[in-house]
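Coordinate analysis (summary)
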Amino acid sequence: MRFDYAPAPESRSVVTLRDSYGLFIGGSFTGGSSVFKTISPATEEVLAEVTHAGPEDVDRAVAAARQAYERIWSVMPGRERGKYLFRIARLVQERARELAVLETMDNGKPIRESRDVDVPLAAAHFFYHAGWADKLGYAGFGPSPRPLGVVGQVIPWNFPLLMLAWKVAPALACGNTVVLKPAETTPLTALLFAEICQQADLPPGVVNIVTGDGSTGQSLVAHPGIDKVAFTGSTEVGKQIARACAVSGKRLTLELGGKAANVVFDDAPVDQAVEGIVNGIFFNQGHVCCAGSRLLVQESVRDEVLAALRRRMGTLRLGDPLDKNTDVGAINSRAQLDKIGELVASGEAEGASRWSAPCQLPDRGFWFPPTLFTEVSQAHRIAREEIFGPVLSVMTFRTPAEAVQKANNTPYGLSAGVWTEKGSLILWMASRLRAGVVWANTFNRFDPSSPFGGYKESGFGREGGRHGLEAYLDIAGGGDV
Ligand code: TAP
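Residues numbered from 1 in each chain as written. Predicted model: local features only at pLDDT ≥ 70, side-chain atom pairs only at ≥ 80, totals over all residues. Heavy atoms only, no water.

1. What about the nonpolar core?
- Of all hydrophobic cores here, the largest spans 109 residues; its most connected members are F126, F193, V207, I209 and L309.
- The element that contributes the greatest number of residues to this core is helix 5 (residues 160–173), accounting for 11 residues.
- Once you skip the residues sitting within four places of it in the chain, V207 turns out to touch F24, V168, L172, V178, F193, C197 and L202. (Core = buried A, V, L, I, M, F, W, Y, C linked by side-chain atoms within 4.5 Å. Buried < 20%, exposed > 50% of the residue type's maximum accessible area, 1.4 Å probe, protein only. Helix = DSSP H or I, 4+ residues; strand = E, 2+ residues; numbered from the N terminus. Contact = heavy atoms within 4.5 Å.)

Structural data, given as C-alpha cells:
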C-alpha cells in the first residue's frame, strides 16, 4: 500500500529577499562593476540581482582585508577572536531557519537537508573553531603559531553556507582575514552571512564577500596581496589555480572532486547498507564531492542488494525542495543538468544498463530522477568521471583484495565506505583504501573535529580538526608535528 503525503511546505516568509545585493567589503555593502541574477533552480524564478566583482572590486576587498589583518585581527588576543566566533556561531543558530530556507531557495536542495545538515554543521564549525582561537599554542604547531595573513577563498555551489563555514571559521580562528567568493549560482547565504558578521560587530574588513563568476575567482586567486588560497571545487579548476599559484609564494589548499567507492560485503545487513547507499549517492542530489557514486557489491549478494535498492529508490520523493517531505530536490543549474545528461547518455552508449526510479519530474526547473547503472565496466566514463548528480554506477567483486583494487582504480581519492559486520575486515580495508575518509557502516557523516580532504586528484590539505588548522598557520620551520 502506498501512502500519499499531504504537502508540508516550509514558509518562505522567514526570508526577506532584497531586490539587489552589493559586495561586502570593509564591513559594508558596496556597488561593483556589473550585476547578474540568481535564480531558484526548482522554479527558474529570479530571486535577486547580485553584484559581479571585477578586478578593481577584488582589489578593494583585498586592501580592506589587509588593513583589518594588520591593524586589528592579527594583533587581537586569541581569546578575543574566539568571542567573535562564538557570537557568529550563536547568530547562525538563531537565524537557522532563515538560512535554511534561503539556502534551499537558491540551491534547490531539500529543506530537510539544509535545516538538519547544512546549517547545524555550519554553526558547529564556528563553535568548534571558536574553541581553538585561544589554544593554538597547544595544537602541536609550536608555542605561538602565527597566522598567514590575507586568505583568498573560493567555494562551490553544492553546500554554499557549509563550505563558507569550513573556510571562514578556521581562517579567522587562526588570526587571518578573508576575501571569499561564493559560487555564481548560490551567492545568497554568503550575503546573509555578511549581515551576520555585521550583527556580530565583527571588525570591518575581517570578512569580505565578493560575488561573481569564475573570472572573479580568477582575479582573487591571482591577486598579489593574497598570502594563501583555499579552493573547493572541480579538479579541472583546481589544476588551473595550482598553476596560477606556482612560484608565487602563496600557500595553497585544494579540496577537489571525487568518485568514491561504497563497498558492500555479503555479511552486511542489507537494509542498513541500502540506506547507506541511498544516503551516499542521493543525498543533496548527488552534488557531493565525497558521494558514494560507485557501488561495489559482493557478487553473491548483488541481486538481493539491487532488488532492495530499487525498492527503496522507488520510495524517494522528488519535488518541491521547500516541502519537508522531499528527499530529492532540484539540480542546481541547467549547466549541471546538461552535464549529468551527457554522462548518462555516455553510459547508455557504452553499454551499461540504466534504471531510473519512476517519478514525475516537475514541468519547470532542473530535475533528474534517481538513477542507477548496472553492467558497468571500469573503463566506462560513468565509472571514472565525477557525475555530480543522482546517478549510481554498480559493479561487483568477489574477494576483499579485488574490492580494494577496484575501489582504488580511480584518479580520485576523497572518500570510501565499507559495509560489513567484521571489524577486522573494516580495518583491513581502511588501511588499503587510498581515500582521505573511510566510513564504516555509515556514509556522508561529517564533524568539525574530524579532518576531511583528499589524495591524488582530490586535492591536498585538510579541513576540520587540528589538522585543518595547519592550513591557516605559518608553521614553516616551526611546529612539532
Ligand atoms: P568549479 O567549477 O570548480 O567552481 C568552484 C568555484 O570556483 C566557483 O566559485 C567558481 O565560480 C570558481 N571558479 C571557476 N573558475 C575559476 C577560475 N579559473 N579561477 C578561480 N575560481 C574559479 O566547481 P563547481 O562545479 O562549482 O563545484 C563542483 C565541484 O566541487 C565538484 O568537482 C566537487 O567534487 C567539488 N567539491 C569538492 C569538495 C571537497 S571538500 N573536496 C566539496 C564540495 C565540492 P563560478 O561558480 O562562478 O563558476
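Following the structure, the description resumes.
2. Quick look at the pairing of strand 17 (residues 415–419)
- Among the five residues in strand 17, five count as buried, and that is most of the element.
- In this sheet, strand 17 lies alongside strand 12 (residues 261–264) in parallel orientation, the contact comprising four bridges. Each residue of the ladder has a partner; that of A261, found in strand 17, is A416.
- Sheet topology places strand 17 next to strand 18 (residues 437–440); four bridges connect them, and they run parallel. In the strand pairing of strand 18, V418 is matched with A440. (Pairing = 2+ DSSP bridges.)

3. So, the site of the ligand
- Neighbouring residues of the ligand: 30 residues in total, closest I155, D213, S234, L256 and E386.
- Between the ligand and K181 there is a distance of 3.1 Å, counted from an oxygen atom to a side-chain nitrogen or oxygen.
- E184 places a polar main-chain atom, nitrogen or oxygen, 3.1 Å from an oxygen atom of the ligand.
- Secondary-structure elements contributing two or more residues to the shell around the ligand are helix 7 (214–222), strand 10 (228–232) and helix 8 (235–245).
- The residue inventory of the shell around the ligand, partitioned by class, reads 15 nonpolar, 10 polar and five charged. (Near = heavy atom within 4 Å. Polar contact = N/O pair within 3.5 Å; in protein donor to acceptor, adjacent residues only side chain to side chain. Nonpolar A, V, L, I, M, F, W, Y, C, P; charged D, E, K, R; others polar.)

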